[in-house]
Amino acid sequence: MSWDPEKYLKFRGERTRPSVDLVGRIVAEDPATVIDLGCGPGNSTAVLRGRWPGASITGLDSDPAMLRAALRSDPYMNWMQGDVASWHADGAFDVVYSNAVLQWVPDHAELIPRLFRAVAPGGALAFQIPTRVDSAIYADIDEVANDPRWRAATEAARNALVDHEPAFYYDLLCTKAERLDVWTTEYQHALDGPEAVLDWMRSTRLRPFLDALPDEADRRAFEAALLGRIAAAFPRRPDGKVLFPFRRLFVIAYRGRD
Ligand SMILES: C[S@@+](CC[C@H](N)C(=O)[O-])C[C@H]1O[C@@H](n2cnc3c(N)ncnc32)[C@H](O)[C@@H]1O
C-alpha cells in the first residue's frame, strides 16, 4: 500500500492537531533524542521540533513518497526508511513518539512492549491512534464493504486496522511504566460537506478498500454508496458545513529511572 503525501496533507490542520495535543502532554523538559515512528510527510516531526528545538530528532517511515515529502519539509532532520513492525532501536530514545501510525501495524501485544523497551530511563513512549469505538464513519465503511458485491474482495481491508480498548494498553504497560496517561478525545472537525469527509477517508482508512476493488467502476460505486451514508450520518449545519466526529486514543507511558 503506498501513500500520497499531497492528498494526506489536504487536511493538514485537522490531521496535525492530535500530534500537537499529544506532544503538549508529554512531561519531558529537555530530551536529547526523539524518534517519530511513521513520520509521514514530516508534519508530526515538525511539531516535535517546535517543542524541543535542541533535540536530535529522527523521523522514520516505510513509505518512500512520504519520506521524500518529509525531506522537502526539512532537509536538516534525520530521515530514515524503516518498518515499525520489525524496528528494533539502536540504543534508547528519550522520547519514542508515534502519531496516527500504529493502527496499521499488527500485534500490539508484541509491538507496544517492544517500543517501550526503546525508551531510555526517565523517558516516555507516546502514541495516538484512531479508535473505531462508536465511530459512525468506520461503521459506514464496514457496512458498504459488507455488500455482497464487495465482501470477498475487501475482507483483508476490513481487518487491516488494529483496534483495542484503552484498557488493553493500560494492562500492557501498567506494570512496566512508572506512570501512565491514557485518554480519548473526540474531535469535531467542521468540513466543507459530505464529499470532504469522503475525501478525508480516501487518503487513509479507505485506501486498502479501494485498492482491493477489482476496477474503477467498482471503486466509483463503492464511493457513491459510502457518500450516501455519509450525507445521512453528517447533515449540513446552518453554515453549509458538516461536523465530522473523529475519536482518537492517546497513551503516554513513562519509564522510571531504574
Ligand atoms: C496517517 S500517516 C501519519 C503521519 C504523521 N505521523 C502524522 O501525524 O500526520 C501514517 C504514516 O505511517 C506510515 N506507516 C504505516 N505503516 C508503517 C510501518 N509499518 N512502518 C513505518 N511507517 C509506517 C505511513 O507510511 C504513513 O506515512
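Just above sits the structure.
The following paragraphs examine the structure supplied in this document. (Residues numbered from 1 in each chain as written. Predicted model: local features only at pLDDT ≥ 70, side-chain atom pairs only at ≥ 80, totals over all residues. Heavy atoms only, no water.)

Below, the discussion takes up the packing of helix α6 (residues 136-145) against helix α11 (residues 216-233). Their axes nearest at 10 Å, the elements α6 and α11 cross at an angle of 145 degrees. Judged by the twist between their axes, the crossing of α6 over α11 is right-handed. Here Ile-137, Asp-140, Ile-141, Glu-143, Val-144 and Ala-145 of α6 come into contact with α11, specifically with Phe-222, Ala-225, Leu-226, Arg-229, Ile-230 and Ala-233. Here the residues of the contact of α6 with α11 are counted per class, giving 9 nonpolar, no polar and 3 charged. (Axes fitted to C-alpha atoms, helices over the stretch in contact; angles between N-to-C directions. Helix = DSSP H or I, 4+ residues; strand = E, 2+ residues; numbered from the N terminus. Left-handed = near helix turned anticlockwise from the far one by under 90°. Contact = heavy atoms within 4.5 Å. Nonpolar A, V, L, I, M, F, W, Y, C, P; charged D, E, K, R; others polar.)

Attention now moves to the layout of surface pockets. When its volume is computed, the largest pocket comes out at roughly 650 Å³. As for the largest pocket, its lining consists of 36 residues, and the residues nearest its centre are Trp-3, Asp-61, Ala-100, Val-101 and Trp-104. Listing elements by their share of the lining of the largest pocket, those giving two or more residues are α3 (43-51), β2 (56-61) and β7 (242-254). Reported here for the second largest pocket is a volume of approximately 240 Å³. If you trace the second largest pocket, you find 16 residues lining it, with Val-27, Ala-28, Gly-122, Gly-123 and Arg-257 closest to the centre. When residues of the lining of the second largest pocket are traced back to their parent elements, those giving at least two are β4 (93-99) and β5 (119-130). Looking at the lining of the second largest pocket, the element that brings in the most residues is β5, giving 4 residues. When the residues that make up the lining of the second largest pocket are grouped by side-chain class, the tally is 7 nonpolar, 2 polar and 7 charged. (1 Å grid on protein atoms, 1.4 Å probe; cavity = no way out; pocket = protein on both sides within 12 Å on 5 of 7 lines; lining within 4 Å. Points joined across faces, edges and corners; volume = space filled by probe spheres on them.)

Take empty space enclosed by the protein next. A full pass over the atoms with the stated rule returns 1 cavity of 30 Å³ or more. The volume enclosed by the largest cavity comes to roughly 70 Å³. Lining the largest cavity are Pro-130, Thr-131, Val-133, Asp-134, Ser-135, Ala-136, Ile-137, Tyr-138, Glu-186, Pro-245, Phe-246 and Arg-247. Those elements that place two or more of their residues in the lining of the largest cavity are α6 and β7.

Now for unusual backbone geometry. Positive phi values are uncommon outside glycine, yet Ala-100 reaches one of about 65 degrees. Counting through the fold element by element, Ala-100 comes out in the loop between β4 and α5 (108-117). Of note, Asp-107 is a non-glycine position whose phi angle comes to about 55 degrees, a positive value. In this structure Asp-107 comes out as partly exposed when scored by relative accessible area, which is 48%. (Buried < 20%, exposed > 50% of the residue type's maximum accessible area, 1.4 Å probe, protein only.)

A word on the pattern of salt bridges. Within the structure shown, the criterion is met by 12 salt bridges. With a shortest N-O distance of 3.8 Å, Arg-205 and Asp-142 are connected by a salt bridge. Remark: Asp-142 occurs in helix α6 and Arg-205 occurs in the loop between α9 (194-202) and α10 (207-212); sequence separation between them is 63 residues. According to the relative accessible area criterion, Arg-205 is buried, its value standing at 2%. The closest approach of N and O atoms between Arg-229 and Glu-143, which form a salt bridge, is 2.5 Å. With Arg-229 in helix α11 and Glu-143 in helix α6, this pair connects stretches of sequence that are 86 residues apart. When its relative accessible area of 33% is taken as the criterion, Arg-229 is described as partly exposed. Given a relative accessible area of 43%, Glu-143 falls into the partly exposed group. (Salt bridge = Lys/Arg side-chain N within 4 Å of Asp/Glu carboxyl O.)

What follows is about the sheet that holds strand β6 (residues 179-191). The strand order β3-β2-β1-β4-β5-β7-β6 describes an open sheet built from 7 strands, whose pairing is mixed. Only two strands of the sheet have a single partner each, and these edge strands are β3 (78-81) and β6. The mean inter-strand angle of the sheet, taken between neighbouring strand axes irrespective of direction, is 15 degrees. Pairing of strand β1 (residues 33-37) with β2 involves 5 bridges; the strand directions are parallel. In the sheet register, Val-34 faces β2, and the bridge partner there is Ile-57. Sheet contacts for α5: β1, β4, β5 and β7; angle to β5, the most-contacted strand, approximately 140 degrees. (Pairing = 2+ DSSP bridges.)

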